[in-house]
Amino acid sequence: MPELPEVQHAADSLGVQIVGARIACVERLDWPRMVETPSPDEFIRLLAGRRVHGWGRRAKWILLDLDSGWTLALHLRMSGSLTVHPADAEPDKHTHLVIRLEDGRRIFFHDTRKFGRARLLDAAGLAALDAAHGDEPLSEAFTIERLANLLRNRKRAIKPLLLDQSVIAGIGNIYADEALWRARIHPLRPAADLNADEVAALHESIRMVLQQALANGGSTLRDYRNSYGARGTNQDHFNAYDREGQPCSRCGATIVKTVVAQRGTHYCPECQTIP
Ligand SMILES: [Zn+2]
């Protein structure tokens, strides 16, 4: 699933191509459950004629700022991608949403697994989406002290806490495993048990693994593409995630894979121990 770095690249590569353009119409919506709000009919009606003023990202949502106070929020979930095409491009059967721009170009929301979602939000809807998510880990407000406060009194294991979008937004399975490896913290450690040095190490690690992934265009495991259709290369730089059975690049021990809170979890049994 795309996480913060992939969603940022998807948003930037889409936004830069379509900012200033006006939406002519929704040309295809053959999987109405993709639209969470408003109703699919209203979604189609309200999008027609909207101009794209800007773009952004909140948590794992791509946000397109439209005129008249609307925001089109798009979530790629497991296998979604958003790409921009010339007028004569043919969408395949997995392209469930096609938005035509007035200049003739079309935006394809391609999604083989159909978990991707779209919302057309007014200001109150956008505020609610914002309020449902926790700290942005690359923001200036996300300090070591802030992370310490977020972990305080939490008995939950640190790995599922990092995945909780209402606490810290944008981290998924890849970057949780990578950050914990880098900080030498076992994924099952209770969050509140981390000492001050470990919290500082985790803070630095979260930001480092996200920034490295941003610099590498995100990670492409299977489906992820940016809005030019390009793959990321960060998957070539994993230290823990997807490296079961391979040697730890720090100590040489074998990376193991286990299940934590129903998610496959990779860690080094030598570098990341439970005291
Ligand atoms: Zn190790």
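Preceding this paragraph is the structure being described.
The following paragraphs examine the structure supplied in this document. (Residues numbered from 1 in each chain as written. Predicted model: local features only at pLDDT ≥ 70, side-chain atom pairs only at ≥ 80, totals over all residues. Heavy atoms only, no water.)

### Some points on the coordination of the zinc ion
The expected angle between donors at a tetrahedral four-coordinate metal is 109.5 degrees. At an octahedral six-coordinate metal it is 90 or 180 degrees.
Inference 1: The protein atoms donating to the zinc ion are Cys248 (SG), Cys251 (SG), Cys268 (SG) and Cys271 (SG), with metal-donor distances spanning 2.2 to 2.4 Å.
Inference 2: Sequence positions of the residues that donate to the zinc ion give the spacing C-x2-C-x16-C-x2-C. In this pair, Cys251 sits in the loop between helix H7 (196–215) and strand S10 (256–260) while Cys268 sits in the segment after strand S11 (263–267), placing the two residues 17 residues apart along the sequence.
Inference 3: Taking the relative accessible area as the measure of exposure, Cys268 reaches 0% and is therefore buried. (Donors = N, O, S within 2.8 Å, 3.2 Å for Na, K, Ca; no water. Helix = DSSP H or I, 4+ residues; strand = E, 2+ residues; numbered from the N terminus. Buried < 20%, exposed > 50% of the residue type's maximum accessible area, 1.4 Å probe, protein only.)

### Describing unusual backbone geometry
Inference 1: The peptide bond linking Thr37 to Pro38 adopts the cis configuration, its omega dihedral lying at -5°.
Inference 2: With respect to the element layout, Pro38 can be found in the loop between strand S2 (35–37) and helix H2 (40–47).
Inference 3: Although it is not a glycine, Asp242 adopts a positive phi angle of roughly 65°.
Inference 4: Within the fold, Asp242 resides in the loop between H7 and S10.
Inference 5: In this structure, Gln262 takes a positive phi of about 70° despite not being glycine.
Inference 6: Within the secondary structure layout, Gln262 lies in the loop between S10 and S11.

Honestly, it's all geometry; don't read function into it.
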